[in-house]
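Spelled out from the first residue to the last, the chains are:
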Amino acid sequence: MSSAGPRGLQGVPEALQDRESWLDPFDWYRRMREEAPVRYDPERRTWDVFRYEDVKRALDDDETFSVDPSRADDFEEPTEPGEGLILDTMLFEDPPRHDELRGVVDDWFQPRTLADRESHFRALAGELLDDAVDGGGELDVVADLAYPFPVTVIAELLGIPPSDRDRFKRWSDTLVAAASDDEGAERFTERQQRSQMEMGQYFLEAIEERRENPRDDLLSVIVTEETDAGERLSHEEALGTCMLLLVAGNITTTNLIANAVRTFAEEDADLFERLRGDDRALTRAVEEVLRYRSPVQAMSRVATEDVRMGGETIAAGDRVVVWLGSANRDERRFDDADAFRPDRSPNQHLGFGHGTHYCLGAPLARLEAEVALSELLDRVEGVRLAETTLQPTRSAFVYGVESLPVRYDER
Ligand code: HEM
């Protein structure tokens, strides 16, 4: 059997083999929460955890449930150059190293730091929308807004020139995607590795340059800032951090924005009007999208000791997949869990994870979504989904659609 790969998520469960099911895994989750809330899947050699309390417990207990894939019994060292880079990042390190790595960039992702840039982000979203809302009455929310906006934002934060942004989007997409049926696993892996190499090479040059001439950008912080342990990040760690920020932040935020527009249009046609100009209501509605259609559906862990959960014993060295998308629909935790309630409060969803690895980019993702949606609302009304069959993204673990054509009336 092939290696699970660094993320431990490559194997798709039998119930989700058919790509069509990725847009509606929720019946399967419900069945699993009832019948097998903690279960071992011998095909993927992985435990799956479906209930809110269990998922949260695993995320909170990082001593028993490690993010470090090399602790899995069946871990295989990455063989390709560059493949292991992302393993050297906070996402796959346990404390104390995790905290040192995260501390280097933490400040840049705090709401107060981001607030200084909000008007600039607004201008970027506005530019994209001014091109898209051109009197034609139709736009593709993904291609015209949700796709280019987050990559432009993170590229600007890092200090990447506009001319290189298309390349970034392509690389980061390839790195989180799954193989398509017609391409085949082997060719896909090759393509993924090529992307990783190209991206790595690009960043290496940029890192060298920032070491010589630091500027006011995130890349310079990554190469010059000292950790709490008093050292700078190694070359590999700096490179891995750059790649992580792109991979973790782009597709996810794209899907949050598109999932929001899709959900508002499907569930409640008047919602767009109610949200226009009401920032608090918009904030709550975005939180509910994060719960109802969580962009990240699952994360992976490794048990460091034998542990009892849901009446089963997970053995030390076993891999565990926690299903955030299922936890967020758990009727034990949320009233009317399968209903989209834009004013739900409180709303303690796990869409950004929980505990030590709680999403570093959560404040940025929230801000981007709110900015993108409010700029859209400023320009259009009566947003309706065009009559097309929605195609899910190319990963069973990332919830979203590949494109979202909508019709609108211009304001
Ligand atoms: C971690 C989701 C946007 C950077 C996480 C985790 C989740 C998540 C579930 C936890 C991983 C785990 O527990 O193993 C999301 C969603 C996003 C989003 C749903 C958008 C809607 C972003 C953005 C960035 C980012 C915009 C940065 C530009 C990170 C990083 C981590 C992380 C660096 C690792 C944190 C750590 O290990 O301490 N994200 N994310 N994310 N996210 Fe996000």
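Residues numbered from 1 in each chain as written. Predicted model: local features only at pLDDT ≥ 70, side-chain atom pairs only at ≥ 80, totals over all residues. Heavy atoms only, no water.

1. A word on the confidence of the model for the protein chain
Working step 1: Confidence in the prediction of the protein chain, expressed as mean pLDDT, is 91, and 95% of residues score 70 or more.
Working step 2: A low-confidence stretch, residues 1-6 stays under pLDDT 50, and its non-local contacts, those more than four residues away or across chains, total 13 contacts.
Working step 3: Scored as a complex, the prediction yields pTM 0.94 and ipTM 0.99. (pLDDT = per-residue confidence, 0-100. Contact = heavy atoms within 4.5 Å.)

2. A word on the site of the ligand
Working step 1: The full set close to the ligand counts 28 residues, and His98, Arg102, Arg301, His357 and Cys359 are the nearest of them.
Working step 2: His357 is positioned with one of its side-chain polar atoms (N or O) 2.6 Å from an oxygen atom of the ligand.
Working step 3: At the level of secondary structure, the elements contributing two or more residues to the shell around the ligand comprise helix H3 (97-105), helix H11 (235-267), strand E5 (298-303) and helix H15 (362-379).
Working step 4: It is H11 that contributes the most residues to the shell around the ligand, seven residues altogether.
Working step 5: Residue classes in the shell around the ligand are distributed as 17 nonpolar, nine polar and two charged. (Near = heavy atom within 4 Å. Polar contact = N/O pair within 3.5 Å; in protein donor to acceptor, adjacent residues only side chain to side chain. Helix = DSSP H or I, 4+ residues; strand = E, 2+ residues; numbered from the N terminus. Nonpolar A, V, L, I, M, F, W, Y, C, P; charged D, E, K, R; others polar.)

3. Re the coordination of the iron atom of the ligand
Six octahedral donors around a metal ideally sit at 90 or 180 degrees from one another, while four tetrahedral donors ideally sit at 109.5 degrees.
Working step 1: You will see that the iron atom of the ligand has only one donor from the protein, Cys359 (SG), lying 2.3 Å away.
Working step 2: Relative to the helices and strands, Cys359 is located in the loop between helix H14 (324-327) and H15. (Donors = N, O, S within 2.8 Å, 3.2 Å for Na, K, Ca; no water.)

4. Some points on the pattern of salt bridges
Working step 1: Taken as a whole and judged by the stated rule, the model has 40 salt bridges.
Working step 2: The salt bridge partner of Arg332 is Glu331, with a shortest N-O separation of 3.4 Å.
Working step 3: On the basis of relative accessible area, Arg332 is assigned to the partly exposed category, the value being 42%.
Working step 4: A relative accessible area of 35% means that Glu331 is categorised as partly exposed.
Working step 5: A network of salt bridges, in which partner residues are shared, links Arg33, Glu34, Asp330, Glu331 and Arg332. (Salt bridge = Lys/Arg side-chain N within 4 Å of Asp/Glu carboxyl O. Buried < 20%, exposed > 50% of the residue type's maximum accessible area, 1.4 Å probe, protein only.)

5. Comments concerning the sheet that holds strand E8 (residues 319-323)
Working step 1: Reading across the sheet, the five strands line up as E1-E2-E8-E5-E3 and stay open at both edges, with mixed pairing between neighbours. Looking at which strands have only one partner, the edges of the open sheet turn out to be strand E1 (38-41) and strand E3 (65-66).
Working step 2: Where strand E2 (residues 46-49) meets E8, four bridges bridge the pair, whose relative direction is parallel. Opposite Trp47, over in E8, you have Val320 as the bridge partner. (Pairing = 2+ DSSP bridges.)

6. Section: the packing of helix H7 (residues 148-158) against H15
Working step 1: Taken N-terminus to C-terminus, the directions of H7 and H15 make an angle of 130°; their axes are 11 Å apart at the nearest point. The angle between the axes of H7 and H15 places the two elements in the oblique class. In the packing of H7 onto H15, the handedness of the crossing is right-handed. Across the interface between the two elements, Phe149, Pro150, Val153 and Leu157 from H7 touch Leu364, Glu368, Val371 and Ala372 from H15. (Axes fitted to C-alpha atoms, helices over the stretch in contact; angles between N-to-C directions. Parallel < 35°, antiparallel > 145°, perpendicular 65-115°, else oblique. Left-handed = near helix turned anticlockwise from the far one by under 90°.)

7. Details of a negative patch on the surface
Working step 1: A contiguous patch of negative charge on the surface is contributed by Glu127, Asp131, Asp134 and Glu410.
Working step 2: Structurally, the position occupied by Glu410 is in strand E10 (residues 405-410).
Working step 3: Overall, the relative accessible area of 44% leaves Glu410 in the partly exposed class. (Patch = residues over 30% accessible without salt bridge, like charges linked within 9 Å, V, L, I, M, F, W, Y side chains within 5 Å. Areas by Shrake-Rupley, 256 points an atom, 1.4 Å probe, with all protein chains shown as cover. Lys, Arg positive; Asp, Glu negative; His and termini not counted. Charge placed at Lys NZ, Arg CZ, Asp CG, Glu CD.)

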